[in-house]
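Okay, here's what each chain looks like letter by letter:
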Amino acid sequence: MRRHDFIFTIGYQGSAAMVDRAAVQRYGKLSTEELAREGMFRAAFCSALYSGDESEFDAFKLVFAEASGMEGLSVEELKRLFGVKGVPDNVSRVIHV
């Protein structure tokens, strides 16, 4: 699954990921921090999760804390908050809607 497909997935149907086509076209090239600054916190968190890079998590947490006042959240707490478990490994196709 490609990065922009994962960060804009709106749901799953069996082994297919349903992806927001308009969001991919408009925001797909933005970095984690740029997504967060645009207020797209779930997409930004998914971007950081996809990369696995600690510096991206730090950048996301800083922008998110500024906007929400929620500081010091762990990655596990953020996963629960945004309803994301991780990058799925069983997705066999992507459907852009």
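Just so it is clear, the structure is predicted and the values come from calculations on it, not from any experiment.

Definitions and limits used
Residues numbered from 1 in each chain as written. Predicted model: local features only at pLDDT ≥ 70, side-chain atom pairs only at ≥ 80, totals over all residues. Heavy atoms only, no water. Salt bridge = Lys/Arg side-chain N within 4 Å of Asp/Glu carboxyl O. Pairing = 2+ DSSP bridges. Helix = DSSP H or I, 4+ residues; strand = E, 2+ residues; numbered from the N terminus. Axes fitted to C-alpha atoms, helices over the stretch in contact; angles between N-to-C directions. Parallel < 35°, antiparallel > 145°, perpendicular 65-115°, else oblique. Left-handed = near helix turned anticlockwise from the far one by under 90°. Contact = heavy atoms within 4.5 Å. Nonpolar A, V, L, I, M, F, W, Y, C, P; charged D, E, K, R; others polar. Core = buried A, V, L, I, M, F, W, Y, C linked by side-chain atoms within 4.5 Å. Buried < 20%, exposed > 50% of the residue type's maximum accessible area, 1.4 Å probe, protein only. Phe/Tyr/Trp six-rings, centres within 6.5 Å; stacked < 30°, edge-to-face > 60°.

### Some remarks on the pattern of salt bridges
Summed over the entire model, instances satisfying the criterion amount to 4 salt bridges. Close ionic contact of arginine 2 with aspartate 5 constitutes a salt bridge, the shortest N to O distance being 3.3 Å. A network of salt bridges, in which partner residues are shared, links Glu33, Arg37 and Glu66.

### Some details on the sheet that holds strand β3 (residues 93-96)
Strand order in the open sheet made by the 3 strands is β1-β2-β3, with mixed pairing throughout. A strand with exactly one partner marks an edge of an open sheet, and here the two such strands are β1 (9-13) and β3. Between one strand axis and the next, the sheet turns through 30° on average, direction left out of account.

### Describing the pairing of β1
With 4 bridges connecting them, β1 and strand β2 (residues 16-19) associate as antiparallel partners. When the sheet's bridge partners are listed, glutamine 13 is paired in β2 with alanine 16. The antiparallel pairing of β1 with β2 creates a hairpin that spans 2 residues between the two strands, and glycine 14 there sits at a positive phi of about 65°.

### Structural notes on the packing of helix α4 (residues 41-51) against helix α6 (residues 75-82)
Geometrically, a packed helix pair is captured by the angle between its two axes and the distance between the axes. Where α4 meets α6, the closest approach of the two axes is 11 Å, and the angle between their N-to-C directions is 135°. One way to sum up the angle between α4 and α6 is to call them oblique. Judged by the sense of rotation from one axis to the other, the crossing of α4 with α6 is left-handed. Contacts from Phe41, Arg42, Phe45 and Leu49 of α4 reach α6 at Val75, Leu78, Lys79 and Phe82. Tallied by class, the residues present in the contact of α4 with α6 amount to 6 nonpolar, no polar and 2 charged.

### Describing the nonpolar core
The biggest cluster of nonpolar side chains holds 24 residues, and the ones touching the most others in it are Phe8, Leu35, Phe45, Phe60, Leu78, Phe82 and Val84. Counting only elements with at least two residues in this core, the list comes to α1 (3-7), β2, α2 (21-27), α3 (32-37), α4, α5 (54-68) and α6. If near-sequence neighbours (up to four positions away) are discounted, leucine 35 is found in contact with Arg3, Ile7, Phe8, Tyr27, Leu30, Met40, Ala43, Ala44 and Ser47.

### Notes on the packing of aromatic side chains
Enumeration over the complete set of coordinates arrives at 8 aromatic pairs. Here the aromatic rings of phenylalanine 60 and phenylalanine 64 are separated by 5.5 Å at their centres, their planes lie at 15°, and the arrangement is stacked. Of this pair, phenylalanine 60 and phenylalanine 64 both sit in helix α5, 4 residues apart, which is roughly one turn of that helix. Geometrically, the ring pair formed by phenylalanine 64 and phenylalanine 82 is edge-to-face, given 5.6 Å between the ring centres and 65° between the ring planes.

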